[in-house]
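A look at the structure
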Amino acid sequence: MKKSLYLCIIAVLATVLVACGEDNASEHEQPVEPTEEETVDENEAVVEEQNGETEEDQSIEVEKGLLNVSVTIPSTLIEEQDLDQIIAEAKEAGVKEVTQNDDGSITYKMSKATHKEMMQEMEAAMNETIEEMKYSDDFISIADVKSNHSFTEFTMVVDKEAYENSFDGFAALGLGFSGMYYQLFDGVNPDNLKVTIHLEDADTGEVFDTIVFPDAFEE
C-alpha cells in the first residue's frame, strides 16, 4: 500500500512539471514587441547598470545559484520510475539541474522564481482537489473539506453513518499523501512530513476520528 501511494505522488509530480513546462513554452511562443515606454526603461536600465544601481544584478545572482532552491526527493518515492523521464519533465518545467545522489534520491535545483511558480501550481491543484471532493458524486458522505494554508491539517465534515459504510476513506488517503507531497516541495524535511485529518460528524459537529499520515500508511 505504501509503495503504491508513493507511485501516485510521482504521477502527480509529473503532471505538475508538465503543466509548468507548457506554461513556460507558451510564454516563449508569443513574443511581445516592446512599447516605446519599455524601450526607454531599458535604456535607463543600461545607464543605471553602469552606475551600479540596477536591480538586474539580482537575476544574475539567480543564474549563479545564489538564489536557487534545491528540493530532494527520497529514493523511496522514485523506486521503479523512469529516471530519464523524470529528468526530461523537470528540465521542461524549468528546473536547472537534476542530480541523482549516492543514496538513490534525486535533487532538483531551480531558480527561486521557478520554485515559486511550481508551488503556486501545486496550491491551485490542491484547492481544486478539495473542491471536487466536496461536490463529487464519488464521495457521497462528504459535506465539506477544510484545510490550513500549509496543507498540514484537514477537516472532513461527513455524514458519519454514510462515511463508515462507504469507501470515502480513500478521500482522506488522497489528502494525506497530497499534503505530504506539497510539504516536501515547500522545504519540509522528509522525516518531518505530517498530515493530520479530522473526521467531523456533520450532524453533531463531533470529531469522531483523527488520521495522521504517514503513520496511517504503516497500519
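The following paragraphs examine the structure supplied in this document. (Residues numbered from 1 in each chain as written. Predicted model: local features only at pLDDT ≥ 70, side-chain atom pairs only at ≥ 80, totals over all residues. Heavy atoms only, no water.)

Some points on the sheet that holds strand S2 (residues 97–100)
Inclusion rule: A strand pair is defined by DSSP finding two or more bridges across the two strands. Elements are defined by DSSP. Helices are runs of H or I of four residues or more, strands are runs of E of two residues or more, and each kind is numbered from the N terminus. Each axis is a line fitted through C-alpha atoms, and for a helix only the stretch in contact is used; angles between axes span 0 to 180 degrees, taken between their N-to-C directions.
Read from one edge of the open sheet, three strands run S1-S3-S2, paired in antiparallel fashion. Looking at which strands have only one partner, the edges of the open sheet turn out to be strand S1 (68–73) and S2. Between one strand axis and the next, the sheet turns through 20° on average, direction left out of account. In this structure, S2 lies alongside strand S3 (residues 106–111), joined through four bridges in antiparallel fashion.

Points about helix H7 (residues 169–185)
For clarity, the cut-off: The span you would expect from a helix comes to 1.5 Å times its residue count less one. The buried label goes to any residue with under 20% of its type's maximum accessible area, the exposed label to any with over 50%, and the partly exposed label to all in between, with areas taken from a 1.4 Å probe on protein chains only.
The terminal C-alpha atoms of H7, which comprises 17 residues, lie 25 Å apart, in line with the 24 Å expected from a rise of 1.5 Å per residue. Counting buried positions along H7 yields 15 of 17 residues, so the element is predominantly enclosed. Gly-187, located one to two residues past H7, shows a positive phi value of around 105°.

Some points on unusual backbone geometry
For the peptide bond that leads from Phe-213 to Pro-214, omega is 10°, which places it in the cis range. Residue placement: Pro-214 occurs in the segment after strand S7 (207–213).

Side note on the environment of Ser-70
Test applied: Contacts were defined at the residue level, with two residues in contact if any of their heavy atoms lie within 4.5 Å.
Looking at the secondary structure, you find Ser-70 in strand S1. Remark: the alpha-carbon pair of Ser-70 and Ser-111, spanning 41 residues in sequence, is separated by 8.7 Å. Once residues lying within four places of it in the same chain are set aside, the contact partners of Ser-70 are Thr-107, Tyr-108 and Lys-109.

Concerning the pairing of strand S6 (residues 195–201)
Along any regular strand the residues' side chains alternate between the sheet's two faces. Counting buried residues along S6, seven of its seven residues qualify, which places the element largely inside the surrounding structure. Alternating positions in S6 separate into two faces, Val-195, Ile-197, Leu-199 and Asp-201 on one and Thr-196, His-198 and Glu-200 on the other, with burial throughout. Here six bridges tie strand S5 (residues 153–158) to S6, and the two strands are oriented parallel to one another. Within S6, the position partnered with Val-157 by the bridge is Glu-200. Bridge count for S6 against S7 is six bridges, and the pairing is antiparallel. Counted as the bridge partner of Val-195 is Phe-213 from S7.

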